[in-house]
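Here's the letter readout for the chains.
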Amino acid sequence: MTTLWIRHGTSLDGITRPHAHARPDTPLTARGAAQIAATAHALRDRGVRPAIVLTSPHPRAATSAEILAALLGVPLAAPNLLYAEWRAPDCVLGKGPEEYPSEYQNWRTNRLRDPDSTLAGGESLTALYKRAMAAAVLGHPVEGNTALIVSHRVLIGAVAAIIAGASRPQEVFQAARRFTLEPAGIWPDSG
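Residues numbered from 1 in each chain as written. Predicted model: local features only at pLDDT ≥ 70, side-chain atom pairs only at ≥ 80, totals over all residues. Heavy atoms only, no water.

**Re the confidence of the model for the chain**
Reasoning step 1: When pLDDT is averaged along the chain, the result is 93, and 95% of the positions lie at 70 or above.
Reasoning step 2: Helix α3 (residues 59-72) holds the highest mean pLDDT among the elements of the chain, 98, whereas helix α1 (residues 12-16) holds the lowest, 91. (pLDDT = per-residue confidence, 0-100. Helix = DSSP H or I, 4+ residues; strand = E, 2+ residues; numbered from the N terminus.)

**Focus: the sheet that holds strand β3 (residues 146-151)**
Two strands in a sheet stick together by hydrogen bonds in their backbones, pointing the same way (parallel) or opposite ways (antiparallel).
Reasoning step 1: Judged by pairing direction, the sheet is mixed, and its four strands sit side by side in the order β2-β3-β1-β4 without closing on themselves. The sheet terminates laterally at β2 (52-55) and β4 (186-187), the two strands that pair on one side only.
Reasoning step 2: Judged from the four bridges that link them, β2 and β3 form a sheet pairing that is parallel. Across the sheet, I52 pairs through a bridge with A147, a residue of β3.
Reasoning step 3: Here helix α2 (residues 30-45) sits on the sheet in contact with β1 (2-7), β3 and β4, set at roughly 155 degrees to β1. (Pairing = 2+ DSSP bridges. Contact = heavy atoms within 4.5 Å. Axes fitted to C-alpha atoms, helices over the stretch in contact; angles between N-to-C directions.)

**Observations concerning the layout of surface pockets**
Reasoning step 1: A volume near 1,100 Å³ is recorded for the largest pocket.
Reasoning step 2: Every residue lining the largest pocket is counted, 41 residues in all, and those nearest its centre are A20, H21, A22, E85 and R153.
Reasoning step 3: Among the elements of the structure, α1, α4 (102-110), α6 (153-163) and α7 (169-178) are those that each provide at least two residues to the lining of the largest pocket.
Reasoning step 4: A breakdown of the residues in the lining of the largest pocket according to their chemical character gives 17 nonpolar, ten polar and 14 charged. (1 Å grid on protein atoms, 1.4 Å probe; cavity = no way out; pocket = protein on both sides within 12 Å on 5 of 7 lines; lining within 4 Å. Points joined across faces, edges and corners; volume = space filled by probe spheres on them. Nonpolar A, V, L, I, M, F, W, Y, C, P; charged D, E, K, R; others polar.)

What follows is the structure in structure tokens.
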């Protein structure tokens with residue numbers, strides 16, 4: 001069984017507000033669609049033929065998954081919240097650091113000490129850890145084949161941290177925040 005994680009292509013928020021917390025409903029752009037198409041062609045050239053494409057329900061990921069499934073000629077599973085991005089609190093969606101309200105700044109200062117804490121609409125570090133753990137453990141439902149999972153940088157980073165041995169929500173979140181993966185990038189990328 002092989003699971004390849006693919007970050008969605010460039011979204012509208014990724015272009016217009018690159019340092020902001022992306023809004024869940026931000027769409028994939030034409031550039032993002034082209035990036036995903038290039039990833040599909042690269043996978044096909046490497047002989048990767050997945051059994052299924054799984055996806056986050058956020059439009060930037062779901063549209064990316066639709067493109068991958070169509071170009072690779074494979075089934076697309078219904079979107080699954082398990083693969084969604086970390087839910088930043090409502091008060092910072094679409095906002096960059098210079099716009100963060102004081103309640104978020106205070107929470108952000110203390111979240112590593114209290115990983116169960118959250119603000120309205122947000123996901124605690126513990127909840128992210130548990131979801132990433134489930135995503136890492138479950139992998140995909142098709143044994144002996146490859147699955148592509150279209151998701152988001154922070155969740156993919158959390159899964160990577162867990163696989164690398166991180167065992168506390170704080171460690172997983174810190175590693176996920178530092179994780180880098182270009183739009184339409186593949187992890188792990190075995191070349």
